[in-house]
Amino acid sequence: MRSIMVSLKNITKQFNGVYALRDVSMEFPAGKVIALIGENGAGKSTLMNILSGVYGDYEGDLVYKDQVMHFQGPRDAQDQGITIIHQELNLIPYLSVVENIFLGRELMTPWGALDTAQMKRVAKELLSRLKLDLHLDTPVSQLKVGECQLIEIAKALLVESNVVIMDEPTSAISESEVNALYDIIADLKASGKTVVYISHKMKELFALADEYVVLRDGQVVKQGLMGEVDEQQLVNMMVGRDLAARVRCPDRITETTVIRVDKLSLAHPDKEGMLLDNLSFDLVKGEILGVFGLMGAGRTELLETLFGLRGKPLSGSFSFDQHEISFFSSPNQALRYGLALVPEDRKGDGLVLGMNVRSNLSLSVLSSLENLGVLADVQEKELCQQYVERLRIKTASDQQFVGNLSGGNQQKVVLAKYLATNPKVLMLDEPTRGIDVYAKQEIYDLIREQAGLGLGVIVVSSELPELFAITDRILVMCDGRITKQFKTDEATEETILQAALPDK
Ligand SMILES: Nc1ncnc2c1ncn2[C@@H]1O[C@H](COP(=O)(O)OP(=O)(O)OP(=O)(O)O)[C@@H](O)[C@H]1O
Ligand SMILES: [Mg+2]
């Protein structure tokens, strides 16, 4: 028997006259994992925001346990048993790990004081279920994006729910670290709960889901059993067309060194030991260099150090584009020399959410546009048009607030913004986090095309298929050290993972 936990009937949702969902109907059975699939901007998050009480203004019916519901807000939905883990991180940076987990649900002693001891016990238990080894009093501002994502999950697990919605829960955690989450999902399933799982990672969907629903442009394409489709069929349903095959063009590599790092070491800011330990490598013009490592390996720290965000490193030498520089001391200096970094956390460092698409794009090229005087406006518009088309940024117009774009489309704006600065070397930290399969190809093409014109690229990614698809060489890091360097053609998933695992 397939017993239905939730059914959505003829749901329609508009934002200022633009349809995000049109007459959408689907069913979520109990004890199953349902994959909600679709391109960036297809309407996945909007639909789940309706189900979890975030949006109350919609047409159609939401039937939960055989009753038509209209939730008064997310808290109401949660009290009735529907919990969502949002795609965007919503933690309060200056509060600690335990304070964030219990925010709004603080435990009290019978005397009306905060029951800190009990909260810490529960939090510790939750974190250990997620195999997350963190100090409970650390402010979350000091944590990595991946760790924050796991805390969001812990927070959702705090309340007993019948329906758990996960909107790209693993976009920032490495492939090899999602196993704890898989176990939790298996538990939820076994106890008859419904899990709605949104992800662009096909491998995960096939490993986890029992059923799928595909959305395209705000409408349902199909609902069915996962066992009855393959990846290609799903992708075709998502995009409504065939993906063109891509070719590799390895002739970009030049002999001109653009970055040389020699024996770079960086001490840990607040405890014993090294964040980066004796790293040496080169990058030539036109080369795409991948950096792989598990969470905490030092990948982001490496990029940040090169970009001048970490103050002067402890030791080592650095040259950029034939200039001996004893490392950049600020991002401004790095950008002036032609080194750009596309950060991992788009909300924190990448975008101004309250500004429109066009202003965000031109922000980083403002000074060069200013010199053009009256022409600037036209130029700005053209520049924007070019990237919106190329990266298939789904936006009503270039005047739309970036905060109103879907998650994946925000990420595309960040990428476009940095590409537009015309750097000599572009460093990318998880560039396609949350980006759909089709748009990924576009981004890979764009990166390759720029490399063909002499751009050097360093890309950090937790997705091995991504590194195999675009890089020429791969550095593997573990515990702040480079453990191995491979030519991409000579590496395999196994040899890379082997090098990424710490010695036990
Ligand atoms: N608050 C808002 N105001 C205006 N438009 C919005 C708002 N939220 C979403 N939209 C629009 O609704 C459409 C669907 O967005 P949604 O976030 O649901 O997509 P998604 O399928 O979750 O995509 P992604 O994979 O990129 O996260 C998009 O065109 C988006 O721009
Ligand atoms: Mg979304």
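In every chain, residue numbers begin from 1 and rise along the written sequence. Written order decides the labels, with chains lettered from A and ligands numbered from 1. Where local features are concerned, this predicted model is filtered to residues with pLDDT of at least 70; where side-chain atom pairs are given and counted, the filter is 80 or more; whole-chain, interface and lining totals use all residues.

1. Digging into the pairing of strand β7 (residues 163–167)
For step 1, the next point in the chain: Field definition: a residue is buried when 20 or more other C-beta atoms are found within 10 Å of its C-beta, exposed when 12 or fewer are, and partly exposed for counts in between, with C-beta atoms placed from the backbone. Starting at the N terminus, helices and strands are each numbered in turn, a helix being any DSSP run of H or I of at least four residues and a strand any DSSP run of E of at least two. With five of its five residues buried, β7 lies for the most part within the structure.
For step 2, the next point in the chain: We treat two strands as partners when DSSP finds at least two bridges between them. Summarising the sheet, strand β6 (residues 82–85) and β7 pair through four bridges and their orientation is parallel. By the bridge assignment, Thr83 is partnered in β7 with Val164.
For step 3, the next point in the chain: The sheet contact formed by β7 and strand β8 (residues 194–198) spans five bridges and is parallel. Across the sheet, residue Ile165 finds its bridge partner in β8, namely Val196.

2. A short note on the domain arrangement of the protein chain
For step 1, the next point in the chain: Throughout, the edges of the domains are those of an automatic or database domain assignment. Splitting the protein chain by domain gives domain 1 (4–239) and domain 2 (250–338 + 423–500).
For step 2, the next point in the chain: Between the C-alpha centres of domain 1 and domain 2 there is a distance of 32 Å.
For step 3, the next point in the chain: Note on contacts: residues are paired as contacts if their backbone-placed C-beta atoms lie within 7 Å. Every contact between the two is made by 16 residues of domain 1 and, on the other side, 15 residues of domain 2.
For step 4, the next point in the chain: Amino acid classes used here: Ala, Val, Leu, Ile, Met, Phe, Trp, Tyr, Cys and Pro are nonpolar; Asp, Glu, Lys and Arg are charged; the rest, including Gly, are polar. Across the side of domain 1 that touches domain 2, the residue classes break down as four nonpolar, seven polar and five charged.

3. A word on the sheet that holds strand β1 (residues 4–15)
For step 1, the next point in the chain: Strand order across the open sheet formed by four strands is β2-β1-β4-β5, with antiparallel pairing between neighbours. The open sheet is flanked by β2 (18–29) and β5 (67–69), the only strands paired with a single partner. If you compare each strand with its neighbour and ignore which way they point, the axes differ by 25 degrees on average.
For step 2, the next point in the chain: One ladder, built from five bridges, connects β1 with strand β4 (residues 59–64); its direction is antiparallel. Of the residues in β4, the one forming a bridge with Ser7 is Val63. Throughout, an axis means a line fitted to C-alpha atoms (over the contacting stretch in the case of helices), and angles, computed between N-to-C directions, take values from 0 to 180 degrees.

4. Focus: the site of ligand 1
For step 1, the next point in the chain: Taken together, 19 residues lie near ligand 1, and Phe15, Asn40, Ser45, Ser406 and Gly408 sit nearest.
For step 2, the next point in the chain: Sorting the residues of the shell around ligand 1 by element identifies α1 (44–51) and α15 (407–419) as the ones contributing at least two each.
For step 3, the next point in the chain: Broken down by class, the residue content of the shell around ligand 1 amounts to four nonpolar, 12 polar and three charged. Being near a molecule or strand means, for a residue, that its C-beta atom, positioned from the backbone, comes within 6 Å of it.

5. Observations concerning unusual backbone geometry
Excluding glycine, residues mostly carry a negative phi; peptide bonds, for their part, are mostly trans.
For step 1, the next point in the chain: A positive phi angle, close to 50 degrees, is found at Glu168, a residue other than glycine.
For step 2, the next point in the chain: Topologically, Glu168 is positioned in the loop between β7 and α6 (179–190).
For step 3, the next point in the chain: Glu168 gets classed as buried once you count the C-beta atoms within 10 Å, which come to 22.
For step 4, the next point in the chain: Residues other than glycine seldom take positive phi values, yet Gln322 does so here, at roughly 70 degrees.

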